[in-house]
Amino acid sequence: MKAAALDDDPDALTPEALLASAVMGGGLPADAQEHLEQAGLSYQQSEVAERHLHMAQDIAPGHAAVLIGLYRFYFYKGRLKECLVVARECLAKAQRETNLPADWRDVQPNDAEFSRYDRLMPRFFMFTLKGYAYLNMRLGELEEGRAAANKLLQLDPTDKIGAKLLIDVLERAETARAEQDDD
């Protein structure tokens, strides 16, 4: 694969460029990086870890590495409502930086190169949309989760991201619930 220079096409990244990209922490101020590292080291002390994450956010607001750190922290701590807030921030970031419509429901397959693994922000958008769908389902917002999973499947018809699994789980749960109601 031909190396893509970040200046030529910031969305087409080689593996080397991906490692230096914003999603992987590139361009993150050293102070923010230090706070992310400290958050990881103090994960078992939730208040300390969260404080470090928020300090990183204060230093580098909207940076993908910080958003991903917050998302993971809230997700693994089971704080799904807070995780969903961060997922929405990630969606908005990916939509802005990829020039996608502001409402994810309006995104169409030809709006970006969603099927290419070397297209960083479209992939970030899709993985975030998957997380958004999952979180909504877990929080009982089943129709919102279904709509997001269906949108993901529309953007990724070969289902490399795994939207069909979310839809299948939702359908099985609905079938089980319907069978329970019949008893």
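It should be noted that the structure appears before, not after, this text.
Residues numbered from 1 in each chain as written. Predicted model: local features only at pLDDT ≥ 70, side-chain atom pairs only at ≥ 80, totals over all residues. Heavy atoms only, no water.

Peer 1: Help me understand unusual backbone geometry in this model?
Peer 2: Residues apart from glycine generally show negative phi values, whereas peptide bonds are mostly found in trans. With a phi close to 55°, Asn99 is a non-glycine residue in the positive phi region. Here Asn99 is to be found in the loop between helix H5 (80-97) and helix H6 (120-138). With a phi angle near 60°, Asp159 is a residue other than glycine that sits in the positive phi range. Assignment of secondary structure puts Asp159 in the loop between helix H7 (142-155) and helix H8 (163-182). (Helix = DSSP H or I, 4+ residues; strand = E, 2+ residues; numbered from the N terminus.)

Peer 1: How should I be thinking about the side chain of Asp156 in this particular structure?
Peer 2: Looking at the element boundaries, Asp156 is found in the loop between H7 and H8. We note that Asp156 is buried and unpaired, the nearest opposite charge coming from Lys160 at a distance of 5.0 Å. Ignoring sequence-local partners within four residues, the contact set of Asp156 consists of Met126, Ile161 and Gly162. (Buried < 20%, exposed > 50% of the residue type's maximum accessible area, 1.4 Å probe, protein only. Lys, Arg positive; Asp, Glu negative; His and termini not counted. Salt bridge = Lys/Arg side-chain N within 4 Å of Asp/Glu carboxyl O. Contact = heavy atoms within 4.5 Å.)

Peer 1: Hey, could you run me through the pattern of salt bridges in this one?
Peer 2: Opposite charge on two side chains makes pairing possible when the charged atoms of those side chains draw close. As enumerated under the stated definition, the model contains 11 salt bridges in all. Each of Glu113, Arg116, Asp118 and Arg119 takes part in salt bridges that share partners, so that together they form one network.

Peer 1: Please clarify how the packing of aromatic side chains should be interpreted in this entry.
Peer 2: In this description, a pair of aromatic rings is defined by centroid distance and the angle of the planes. The tally for this structure, following the rule as stated, stands at seven aromatic pairs. Ring geometry for Tyr43 versus Phe73: centroids 6.1 Å apart, planes at 85°, classification edge-to-face. Of the two residues, Tyr43 is situated in the loop between helix H2 (30-41) and helix H3 (46-59) and Phe73 in helix H4 (residues 64-76); the sequence distance between them amounts to 30 residues. In this structure Phe73 comes out as buried when scored by relative accessible area, which is 4%. Among the aromatic side chains, those forming a connected cluster through ring pairs are Tyr71, Phe75, Tyr76 and Tyr134. For the cation-ring pair, Lys77 lies above Tyr43, with the distance from its terminal atom to the ring centre recorded as 4.0 Å. (Phe/Tyr/Trp six-rings, centres within 6.5 Å; stacked < 30°, edge-to-face > 60°. Lys NZ or Arg CZ within 6 Å of the ring centre and 35° of its normal.)

Peer 1: Which parts of the structure should I look at to understand H2?
Peer 2: The periodicity of an α-helix, 3.6 residues per turn, causes residues three or four positions apart to be oriented the same way. Helix length check: H2 (12 residues) gives 16 Å between terminal C-alpha atoms against 16 Å at 1.5 Å per residue, within 8%. Buried within H2 we find Ala32, His35, Leu36 and Ala39. One side of H2 carries all its buried residues, which in axial view fall inside an arc of 100°. Turned more than 90 degrees away from the buried face of H2, the exposed residues are Ala30, Asp31, Gly40 and Leu41. (Expected span 1.5 Å × (residues − 1). Arc of directions from axis to C-beta.)

Peer 1: Can you help me understand the packing of H3 against H4 in this one?
Peer 2: Axis angle and axis distance: for two packed helices, these are the angle between their axes and the distance between the axes, and together they describe the pair. The interhelical angle for the contact between H3 and H4, taken along N-to-C directions, is 160°, at an axis separation of 9 Å. If you check the angle between H3 and H4, you find them roughly antiparallel. For H3 against H4, the interelement crossing comes out left-handed. Across the interface between the two elements, Ser46, Ala49, Glu50, Leu53, His54, Ala56 and Gln57 of H3 pack against Val66, Gly69, Leu70, Phe73 and Tyr74 of H4. By residue class, the composition of the contact of H3 with H4 is seven nonpolar, four polar and one charged. (Axes fitted to C-alpha atoms, helices over the stretch in contact; angles between N-to-C directions. Parallel < 35°, antiparallel > 145°, perpendicular 65-115°, else oblique. Left-handed = near helix turned anticlockwise from the far one by under 90°. Nonpolar A, V, L, I, M, F, W, Y, C, P; charged D, E, K, R; others polar.)

So, to be careful, I would describe these as geometric facts and stop short of saying anything about function.
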